[in-house]
Amino acid sequence: MCARQCEQLRHYFVQNRSEFVEVIQEKNLAFGALDLPSVDLVEFPLMSLEDRKQEWRGKELHGRFLRVLESQNVDKEWSTEWLRTSGIFGETEGFILSIQDEVISTRGYQRHVMHQDVSDWCRLCRVQNESIQHVCGGCSVLAPREYLERHNNVAKVVHQALAKNLKLQEEEQPYYRCKPPQVMEAGGVRLLWDSEMVTDRAVEANRPDIVVIDQRKKEGLIIDIAVPLDANVERTVVEKKRKYQPLAVELKEIYYLRKITVVPVVISTNGVVLQDWKKLMETLPLTTNHLKLMQKAAVLGTANIVRKTLSL
Ligand SMILES: [Zn+2]
């Protein structure tokens, strides 16, 4: 390790006052090139949380995620909930944080950040630059299977909650185990999964992820799930509402419903959600536990996709 790298690492450990430094200083563990016990902590003022955030925010690539978290319509608390309660293993948690900070050795990273002499074309589609964004949500080769599976896992949490709430099944199944039937029906309630809806007039989109037709209450729900990249969450919510409005009008007429609501359920590949996320608990029979499960399914799905792709 060169002297400059040593100096930078020493600064990093000492200025953040990690427990690691405290133990090393206390036990006088003088191993390694950093020689941390000999550092006089007085010379290194402790960085405040705000200073650390400012430094993180200022990094063009690695600070992008913090800038997303701090944007106006994003729910910062809920977007980072998985870190507090998901129970994901530490190693995987670290990997997901690296994906969020974009410090993953994709071909694009190797070429443009590490300045290595490698091609930056995606190893799968060979059409686009292999950035972490591309692997997480932009590769045409991953779309039909890997992205779909991640999307379906999030959707299954909603489907299971509805199936139980509408008394179509006794207990909810874990999302990674269940295979929702296309139609569940009982007592004037119909719950549809990934079904093409037949309408009198042709509509732009007629195959939402989940539809509920409740003839007892004369109410309906059109639910569509998406797991886009962080930057596309807001646009996706608006787009889904617009896209399914004509189908809502049609179904309302066909089934003589009093009202029908289009509900987009959108969480990013990194688990980012908007301020409206909590309101899903008002429109759908979801609890905070369901919201946490959906986020876990999204971020774990992303970690699996990145791991698998990089190992190819
Ligand atoms: Zn690709």
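Residues numbered from 1 in each chain as written. Predicted model: local features only at pLDDT ≥ 70, side-chain atom pairs only at ≥ 80, totals over all residues. Heavy atoms only, no water.

Enquirer: Just to check I follow, could you spell out the sheet that holds strand β5 (residues 259-266) for this structure?
Expert: The strands that make up a sheet pair up through hydrogen bonds in the backbone, lying either parallel or antiparallel. The strand order β1-β2-β3-β4-β5 describes an open sheet built from five strands, whose pairing is mixed. Each edge of the open sheet is held by one strand with a lone partner, namely β1 (183-186) and β5. Within this sheet the neighbouring strands show an average axis-to-axis angle of 10 degrees, counted without direction. Of the pairings in the sheet, the one linking strand β3 (residues 210-214) to strand β4 (residues 219-226) comprises five bridges and is antiparallel in character. Of the residues in β4, the one forming a bridge with V211 is I222. (Pairing = 2+ DSSP bridges. Helix = DSSP H or I, 4+ residues; strand = E, 2+ residues; numbered from the N terminus. Axes fitted to C-alpha atoms, helices over the stretch in contact; angles between N-to-C directions.)

Enquirer: In this structure, what is going on with the coordination of the zinc ion? I would like to understand it.
Expert: Note on metal sites: the ideal angle is 109.5 degrees for four tetrahedral donors, and 90 or 180 degrees for six octahedral donors. C122 (SG), C125 (SG), H134 (NE2) and C139 (SG) make up the full set of protein donors to the zinc ion, lying at 2.1 to 2.4 Å. Taken together, the four donor atoms surrounding the zinc ion define angles of 103 to 118 degrees at the centre, an arrangement classified as tetrahedral. Written as a sequence motif, the donor residues of the zinc ion are C-x2-C-x8-H-x4-C. With a gap of 17 residues between them, C122 in the loop between α8 (107-112) and α9 (132-137) and C139 in the loop between α9 and α10 (143-165) connect regions that are remote in the sequence. The same class applies to C122 and to C139, which are both buried. (Donors = N, O, S within 2.8 Å, 3.2 Å for Na, K, Ca; no water. Tetrahedral: all angles 85-135°; square planar, octahedral: opposite > 155°, others 65-115°. Buried < 20%, exposed > 50% of the residue type's maximum accessible area, 1.4 Å probe, protein only.)

Enquirer: Help me understand the side chain of T199 in this model?
Expert: Among the secondary structure elements, T199 is positioned in the loop between β2 (189-193) and β3. Among all residues touching T199, those that are not within four sequence positions of it are L247, E250 and I254. (Contact = heavy atoms within 4.5 Å.)

Enquirer: It is not clear to me how the pattern of salt bridges should be interpreted in this structure. Could you clarify?
Expert: As a working rule, side chains carrying opposite charge can pair if their charged atoms are close by. Within the structure shown, the criterion is met by 21 salt bridges. A salt bridge links E91 to R307; the shortest N-O distance between them is 3.1 Å. You can see E91 sitting in helix α7 (residues 90-100) and its partner R307 sitting in helix α13 (residues 288-310), a full 216 residues away along the chain. Its relative accessible area of 59% is what places E91 among the exposed residues. Its salt-bridge partner being E239, residue R242 comes within 3.0 Å of it at the nearest N-O pair. Remark: E239 and R242 occur in helix α11 (residues 233-254); sequence separation between them is three residues, near one turn of the helix. Given a relative accessible area of 35%, E239 falls into the partly exposed group. Shared partners join several salt bridges into a network, and the residues in it are E77, E81, R84 and K292. (Salt bridge = Lys/Arg side-chain N within 4 Å of Asp/Glu carboxyl O.)

Enquirer: Help me understand the domain arrangement of the protein chain, please; the structure alone is not making it clear to me.
Expert: Interface extent is often summarised as the accessible area lost during association of the parts. Each domain of the protein chain was delimited in the assignment, giving domain 1 (1-47) and domain 2 (150-290). Between the C-alpha centres of domain 1 and domain 2 there is a distance of 52 Å. (Domains from an automatic or database assignment.)

Enquirer: How should the packing of α10 against α13 be read in this particular structure?
Expert: Following both chains from N to C, one finds α10 and α13 inclined at 165 degrees, their axes separated by 9 Å at the closest point. If you check the angle between α10 and α13, you find them roughly antiparallel. Between α10 and α13 lies a crossing of right-handed hand. When α10 is examined against α13, the residues R145, E146, Y147, R150, N153, V154, V157, V158 and A161 are found in contact with a partner set consisting of H290, L293, M294, A297, A298, G301, T302, I305 and K308. Partitioned by chemical class, the residues of the contact of α10 with α13 number ten nonpolar, four polar and four charged. (Parallel < 35°, antiparallel > 145°, perpendicular 65-115°, else oblique. Left-handed = near helix turned anticlockwise from the far one by under 90°. Nonpolar A, V, L, I, M, F, W, Y, C, P; charged D, E, K, R; others polar.)

Enquirer: Help me understand the nonpolar core in this model?
Expert: Most often, soluble globular proteins keep nonpolar side chains buried together rather than apart. Core analysis: the largest hydrophobic core is formed by 33 residues, its most contacted members being L162, I223, V265, W277, L280, L284 and M294. Counting only elements with at least two residues in this core, the list comes to α10, β2, β3, β4, β5 and α13. Per-element tally for this core: the top contributor is α10, with seven residues. For V265, the contacting residues outside a window of four places in its chain are I223, D224, I225, A226, W277, L280, L284 and M294. Core analysis: the next-biggest nonpolar cluster, separate from the first, contains 19 residues, I96, C125, Y147 and L229 among them. (Core = buried A, V, L, I, M, F, W, Y, C linked by side-chain atoms within 4.5 Å.)

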